[in-house]
Amino acid sequence: MHRATSIIAFAAFFLSTSAAANPVHAQNGDSKSTPPPPNVTAAPATGHVGIDGVLNEPAWLSAPAASDFRQSQPDEGEPATQRTEVRFLFDGEAIYVGARMYDELGSAGVVSRLARRDADVESDLLVITFDTFHDHLGQTQFSVNPAGVKGDAIGQGGSWPDPSWDPVWEAATTVDSLGWIAELKIPFSQLRFPRDSVQAWGMQLVRTVNRLNERSQWTFWPVNESGGPARYGHLEALAIHASPSKAEVLPYVVGRASTFGAPDLENPFDRSRESAYRFGADFKYLLTSNLTLTGTVNPDFGQVEVDPAVVNLSAFETYFPERRPFFVEGRGYLGFGGLNCFFCSNVSGLSLFYSRRIGRSPQGSSNAWDAGDYADVPGNTTIVGAAKITGRTSGGWSVGILNAVTSREHARVIHGADQFDTEVEPLTNYFAGRVKKDMKDGNVVVGGMLTSVYRDLADPQLATQLNRHAEGIGADASIWWADRKYRLWTHWAVSQIAGDSSALLRAQRSSARYFQRPDRKHGGNGLFSDRFDESLTSMRGFAGYARLSKESGDWRWEVSANLRSPGFEANDMAFLTRADYLWMNANVFRRWTKPTSWYRRMHFVTGGQQQFNFDGDRTDLQMQAAYGLQTLSYWWFDTFFIHRPSVLDDRLTRGGPIARRASSNYWYVSVSSDSRKNISFWTGPSYSWTADGSRSFSVNLGLTFRPASYINLDLSPRLSHSESAAQYVTAADDPTAVEFYGRRYVFADIERKSVSMNTRLNITFTPTLTLEVFAQPFIATGRYSQFKEFAQPRRLEKRVYGSELGRIFSFEGEYTVDPDHTGPAEQFSFSDPDFNVRSLRGNAVLRWEFQPGSTLFLVWTQSRSAAADVGTMDFGRDLGALFDAPADNVFLVKVNYWLGM
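**Quick look at the overall build of the protein**
Right, so step 1: Check the secondary structure of the protein and you find 6 helices and 48 strands.
Right, so step 2: On C-alpha atoms alone, the protein measures out to a radius of gyration of 29 Å, which is about the 29 Å that the 2.2 N^0.38 rule sets for 901 residues.
Right, so step 3: Dimensions of the protein, computed from the C-alpha atoms along their principal axes, are close to 100 × 65 × 60 Å.
Right, so step 4: Here the protein, with 901 residues, has 54% of them falling under the buried criterion.
Right, so step 5: Contacts in the protein between residues far apart in sequence, at least 24 positions, make up 65% of those at least 6 positions apart.
Right, so step 6: Accessible surface, the protein as shown: approximately 36700 Å² in total, 56% of it carbon and sulfur.
Right, so step 7: Here the protein contributes 89 positively and 98 negatively charged side chains, and the mean placements of these two sets differ by 5 Å.

**Looking at the sheet that holds strand 17 (residues 374-376)**
Right, so step 1: Spatially, the 3 strands line up as an open sheet ordered 17-20-21, and their pairing is antiparallel. The sheet is open, and its two edges are formed by strand 17 and strand 21 (418-425), each paired on a single side. Averaged over all adjacent pairs, the angle separating strand axes in this sheet is 25°, with direction ignored.
Right, so step 2: Relative to strand 20 (residues 409-415), strand 17 runs antiparallel, the two sharing 3 bridges. From the neighbouring strand, Ala375 faces strand 20, where its bridge partner is Val413.

**What to know about the sheet that holds strand 5 (residues 94-102)**
Right, so step 1: Taken in spatial order, the 5 strands make up an open sheet running 2-4-5-10-9, and their pairing is mixed. Only two strands of the sheet have a single neighbouring strand rather than two, namely strand 2 (43-44) and strand 9 (170-176).
Right, so step 2: Sheet topology note: the strand 9/strand 10 (residues 179-187) ladder contains 7 bridges and is antiparallel. Directly across from Thr174, in strand 10, lies its bridge partner Ile181.

**Topic: the side chain of Ser189**
Right, so step 1: Following the sequence through the fold, Ser189 ends up in the loop between strand 10 and strand 11 (198-209).
Right, so step 2: Among the polar contacts listed, one links the side chain of Ser189 to the side chain of Gln190, at a separation of 3.4 Å.

**Digging into the packing of aromatic side chains**
Right, so step 1: Summed over all chains, the structure comprises 33 aromatic pairs.
Right, so step 2: On the basis of an interplanar angle of 70° and a centroid distance of 5.3 Å, the ring pair of Phe130 and Trp201 is categorised as edge-to-face. In this pair, Phe130 is assigned in strand 6 (residues 125-131) and Trp201 in strand 11, connecting sequence segments 71 residues apart. Each member of the pair, Phe130 as well as Trp201, is classed as buried.
Right, so step 3: Arranged with centres 5.7 Å apart and planes meeting at 65°, the rings of Phe142 and Trp165 form a pair that is edge-to-face. With Phe142 in strand 7 (residues 139-144) and Trp165 in the loop between strand 8 (150-155) and strand 9, this pair connects stretches of sequence that are 23 residues apart.

**Comments concerning the state of the cysteines**
Here, disulfide denotes a covalent bond that connects the sulfur atoms of two cysteines.
Right, so step 1: Taken as a whole and assessed by the stated rule, the structure comprises 1 disulfide.
Right, so step 2: Linked covalently through their sulfurs, Cys341 and Cys344 form a disulfide whose S-S length is 1.9 Å. One disulfide, between Cys341 and Cys344, carries an S-S torsion of -65° and so falls in the left-handed class. In this pair, the class of Cys341 matches that of Cys344, namely buried.

**So, the pairing of strand 19 (residues 397-406)**
Right, so step 1: Two strands pair when backbone bridges link them, and strand 18 (residues 383-392) and strand 19 are joined in this way by 9 bridges, in the antiparallel orientation. Directly across from Gly385, in strand 19, lies its bridge partner Val405.
Right, so step 2: Hairpin connection of strand 18 to strand 19: 4 residues between the antiparallel strands, including Gly396 at a positive phi of 90°.
Right, so step 3: Pairing of strand 19 with strand 22 (residues 427-439) involves 10 bridges; the strand directions are antiparallel. Each residue of the ladder has a partner; that of Gly400, found in strand 22, is Arg434.

**What about the pattern of salt bridges?**
Right, so step 1: Counted under the stated rule, the structure contains 41 salt bridges.
Right, so step 2: Asp878 is the salt-bridge partner of Arg838, the closest N and O atoms lying 2.9 Å from each other. Of the two residues, Arg838 sits in strand 45 (residues 835-851) while Asp878 sits in helix 6 (residues 875-884), which places them 40 residues apart along the sequence.
Right, so step 3: Residue classification places Arg838 among the buried residues on the basis of a relative accessible area of 7%.
Right, so step 4: One salt-bridge network, in which partners are shared between bridges, spans Arg117, Asp152, Asp166 and Glu849.

**Focus: the confidence of the model for the protein**
Right, so step 1: On average, residues of the protein score 88 in pLDDT, and 92% of them are at 70 or above.
Right, so step 2: In this model residues 1-32 is a low-confidence stretch, pLDDT under 50, and it forms 137 contacts with partners more than four residues away in sequence or in other chains.

**Overview of the environment of Gly47**
Right, so step 1: Along the chain, Gly47 falls in the loop between strand 2 and helix 1 (58-62).
Right, so step 2: With a relative accessible area of 59%, Gly47 lands in the exposed category.
Right, so step 3: Separated by 12 residues in the primary sequence, Gly47 and Ala59 place their C-alpha atoms 7.5 Å from one another.

**Digging into the nonpolar core**
Right, so step 1: The biggest cluster of nonpolar side chains holds 36 residues, and the ones touching the most others in it are Phe88, Ile95, Phe130, Leu184, Trp201, Leu205 and Leu235.
Right, so step 2: Sequence-distant contacts of Leu205, defined by excluding residues within four places in its chain, comprise Ala66, Phe69, Val86, Phe88, Val127, Ile128, Ser216, Gln217 and Trp218.
Right, so step 3: Membership of the second largest hydrophobic core comes to 30 residues, among which are Leu334, Val453, Leu504 and Ala507.

**What about the environment of Glu409?**
Right, so step 1: Within the secondary structure layout, Glu409 lies in strand 20.
Right, so step 2: A sequence separation of 363 residues divides Glu409 from Thr46, and the C-alpha atoms of the two residues are 59 Å apart.
Right, so step 3: Here Glu409 is in contact with Pro378, Asn380, Thr381, Thr382, Thr422, Glu423, Val424 and Glu425, once residues within four sequence places are set aside.

**Things to note about empty space enclosed by the protein**
Right, so step 1: Under the defined criterion, the tally for this structure stands at 4 cavities of 30 Å³ or more.
Right, so step 2: Each pocket or cavity is described by its volume, and for the second largest cavity that value is around 70 Å³.
Right, so step 3: Ranked by the residues each element gives to the lining of the second largest cavity, the list is headed by strand 24 (residues 469-481), at 3 residues.

**Some points on a nonpolar patch on the surface**
Right, so step 1: On the surface, Ile479, Trp481, Leu488, Leu548, Trp555, Trp557, Val559 and Val588 cluster together into a nonpolar patch covering about 670 Å² of accessible area.
Right, so step 2: When residues of the nonpolar patch are traced back to their parent elements, those giving at least two are strand 24 and strand 27 (555-564).
Right, so step 3: Looking at the nonpolar patch, the element that brings in the most residues is strand 27, giving 3 residues.
Right, so step 4: Tracing the backbone through its elements, the reader meets Val559 in strand 27.

**Comments concerning the pairing of strand 4 (residues 84-90)**
Right, so step 1: A large share of strand 4 lies buried, amounting to 7 of its 7 residues.
Right, so step 2: Of the two faces of strand 4, the one holding Thr84, Val86, Phe88 and Phe90 and the one holding Glu85, Arg87 and Leu89 are both buried throughout.
Right, so step 3: Relative to strand 4, strand 2 runs parallel, the two being bridged by 2 bridges. Bridge pairing in strand 4 links Pro44 to Phe90.
Right, so step 4: One ladder, built from 7 bridges, connects strand 4 with strand 5; its direction is antiparallel. Looking across to strand 5, one finds that Glu85 is bridged to Arg100.

**Here we look at unusual backbone geometry**
Right, so step 1: The omega angle of the peptide bond from Gln73 to Pro74 is 0°, so this bond is cis rather than trans.
Right, so step 2: Residue placement: Pro74 occurs in the loop between strand 3 (70-73) and strand 4.
Right, so step 3: Residue His134 is not a glycine yet carries a positive backbone phi of 50°.
Right, so step 4: One can find His134 in the loop between strand 6 and strand 7.
Right, so step 5: A residue is classified by how much of its surface remains accessible, and His134, at 28% relative accessible area, is partly exposed.
Right, so step 6: At Tyr514, a residue that is not glycine, the phi angle is positive and equals roughly 50°.

Conventions used here
- Residues numbered from 1 in each chain as written.
- Predicted model: local features only at pLDDT ≥ 70, side-chain atom pairs only at ≥ 80, totals over all residues.
- Heavy atoms only, no water.
- Helix = DSSP H or I, 4+ residues; strand = E, 2+ residues; numbered from the N terminus.
- Rg over C-alpha atoms; globule rule 2.2 N^0.38 Å.
- Buried < 20%, exposed > 50% of the residue type's maximum accessible area, 1.4 Å probe, protein only.
- Contact = heavy atoms within 4.5 Å.
- Areas by Shrake-Rupley, 256 points an atom, 1.4 Å probe, with all protein chains shown as cover.
- Lys, Arg positive; Asp, Glu negative; His and termini not counted.
- Charge placed at Lys NZ, Arg CZ, Asp CG, Glu CD.
- Pairing = 2+ DSSP bridges.
- Axes fitted to C-alpha atoms, helices over the stretch in contact; angles between N-to-C directions.
- Polar contact = N/O pair within 3.5 Å; in protein donor to acceptor, adjacent residues only side chain to side chain.
- Phe/Tyr/Trp six-rings, centres within 6.5 Å; stacked < 30°, edge-to-face > 60°.
- Disulfide = S-S within 2.5 Å.
- Salt bridge = Lys/Arg side-chain N within 4 Å of Asp/Glu carboxyl O.
- pLDDT = per-residue confidence, 0-100.
- Core = buried A, V, L, I, M, F, W, Y, C linked by side-chain atoms within 4.5 Å.
- 1 Å grid on protein atoms, 1.4 Å probe; cavity = no way out; pocket = protein on both sides within 12 Å on 5 of 7 lines; lining within 4 Å.
- Points joined across faces, edges and corners; volume = space filled by probe spheres on them.
- Patch = residues over 30% accessible without salt bridge, like charges linked within 9 Å, V, L, I, M, F, W, Y side chains within 5 Å.

Below you can see the structure in the form of structure tokens.
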């Protein structure tokens with residue numbers, strides 16, 4: 001269940017402070033009105049400014065302070081209860097921030113916790129956000145807490161701030177009898193801004209006082225209004241010389257040792273251990289004052305957290321988020337599409353770029369490899385190199401360009417007495433280019449994107465499996481009006497793939513579209529593709545999204561549409577699970593943001609959605625309602641309910657005729673405690689039921705323990721039980737199955753159970769020395785019963801083998817079905833699909849930033865897995881089998897060294 005929501009207001013969590021010996025008092029200002037954006041002047045730094053958390057340099061006394069903060073929570077619009085003063089200095093090298101955060105309890109009132117850089121930590125905090133181009137779109141954030149933990153993120157041209165951005169800057173903090181102080185030095189070389197000799201930046205300052213759960217803002221706007229950079233105040237009188245040309249190089253060396261718990265002694269490729277080393281480098285070069293070239297040669301991502309285990313019984317690929325630093329950093333410049341809604345489910349946004357396609361596991365297989373006794377296949381495709389250009393021009397264009405090359409990969413195969421290499425991935429080039437232009441103070445943003453994948457398919461076998469080239473082109477626009485009360489957001493794209501007819505046949509038969517479905521009302525293959533054709537060598541499609549919404553006020557609403565034509569295919573460079581649909585959604589949303597005697601905030605959403613395929617069949621329909629409330633003690637309660645009437649399903653038979661899905665109901669409840677406490681929790685149970693008698697439930701629990709200010713332990717156990725009366729099993733040819741066009745589609749009841757517990761332990765010794773541990777034990781089972789088939793297409797009735805239709809036999813792990821007993825239909829067989837999967841994955845990463853920008857990683861990764869042909873769960877048996885399973889271990893040491901030139 002996916003719930004996308006814009007109920008949560010814009011989050012800013014990181015804060016920092018400046019100096020003056022004024023007594024502690026609440027800040028001035030009228031509590032209810034919305035004041036005009038404030039201004040503060042930056043002063044020239046006279047003399048040396050030491051970054052020591054003590055604001056004793058004379059220059060600080062000459063700098064005016066940004067003060068008079070107002071609360072956004074808990075008492076919206078009221079003056080901040082604790083005074084904050086932030087001052088700014090600059091010289092030819094950097095901008096300096098000096099912030100004094102007063103607290104009426106002095107040091108006793110300051111909540112300080114250690115965490116790694118960019119972590120979401122429950123402590124006092126100061127966030128400084130610059131709109132350096134003053135285009136009412138940019139967000140360059142710097143944050144610090146009283147323990148000196150730094151955070152930073154960047155989002156230019158209206159993109160969401162990306163916390164993977166790690167510029168090199170300094171911060172120091174102290175806690176004293178008046179509260180706490182923060183002192184920052186941010187080199188201009190780490191920022192991008194216009195070339196004007198004297199300029200003003202947009203700016204927002206946000207302070208969090210943890211013990212009061214108070215968040216106050218220098219520039220205030222009501223919670224029920226659209227905010228962000230368009231409402232920021234101004235930092236003025238910055239006299240900056242052109243940012244110096246700057247190059248940064250981050251070379252690395254890594255050593256890796258692996259041990260394997262259960263090598264196949266008969267397989268010459270299996271080894272009990274192996275070791276290797278490699279080296280490479282990342283680099284940055286300032287092409288202009290605002291455009292940066294970033295590159296990587298022979299990258300290594302061994303320190304990245306492992307993906308969690310899943311059991312996927314659908315026809316669709318599982319999505320995993322990108323975690324590799326090179327591809328994560330600056331992704332806002334390459335972002336296109338997306339989807340936003342107050343409430344929606346079972347829908348995905350339009351995408352043209354999914355960076356995990358670069359360096360993916362080899363996709364090819366050959367007849368020789370399939371026949372081989374043993375094969376040594378690389379786990380991932382090698383990224384030879386990648387480079388990107390990101391930034392913003394002086395004319396208001398945001399630019400993102402990426403190009404990456406992955407190498408040709410081979411599998412070593414032993415077949416009998418023969419040994420040979422076979423190609424499993426071709427030499428491939430990936431390209432993505434994105435531009436956006438903002439106008440009318442950021443109220444209008446238009447843009448476009450182009451992507452391309454080209455494969456050098458020298459191997460004839462691979463040419464029948466992979467597209468030779470694939471392209472995507474898109475355009476988008478965001479338009480705000482009426483003081484940013486209303487918004488129209490839309491984006492459209494066209495795709496094309498081309499290659500051998502066998503490769504295009506795979507795309508036509510893909511679960512995204514099922515062109516071969518025998519009851520499709522075939523379209524044509526003109527400009528856009530919409531008909532099954534075995535001789536097709538290219539396929540084109542289009543996609544679009546539009547949302548009109550009211551984004552301010554207590555009452556809000558939205559209407560949106562999302563479509564993919566049958567021939568739209570973007571999986572060579574993006575992530576697409578489904579084409580051939582037109583989806584529509586509408587909601588009304590009410591917010592209560594003023595605290596009362598029994599709640600602090602409350603919201604309610606109601607609406608519905610429906611979906612049709614391009615044949616005009618309704619494939620989704622739902623009505624929904626959601627309610628949420630924050631109590632006076634800062635607990636949150638959320639719940640929502642979804643009703644789905646019976647509709648047609650053009651994916652259920654996986655390429656066969658359309659079937660019907662039973663009506664269903666889904667109910668979800670979430671309760672979370674005050675997250676500031678040393679022990680906090682959340683829970684999210686759900687329950688669903690369908691008209692054909694299936695029942696499912698899940699229980700999620702999140703527990704956070706903070707036994708000390710530098711230790712954070714998160715435990716997330718999950719238990720689920722799901723039932724379905726229409727789980728696809730297999731299909732078999734049968735000329736007597738006339739209504740289903742000569743094939744029988746076998747379904748079954750399935751009872752699935754799973755239990756897992758994601759565990760994260762973070763120990764922060766200093767802001768630059770951290771230990772992070774992640775582990776996920778996972779057990780999943782599936783028990784199949786009542787094998788059956790649909791009585792007719794587009795109908796809900798099913799006939800069970802052995803009681804309502806024919807006979808079924810089971811022998812030594814295989815089922816045999818005689819569909820009509822003594823009739824002409826031939827028997828067919830399939831393996832028992834029951835499963836029991838056990839997995840344990842985890843890694844531990846010790847990270848030491850031994851000097852700014854330079855890091856040492858020590859990494860241990862372990863994985864265990866086991867499986868059994870049983871469909872039941874016995875927790876003791878399965879857990880024992882999991883820990884008895886052989887373990888594969890990877891030990892890695894990686895050092896990178898930052899060089900600034």
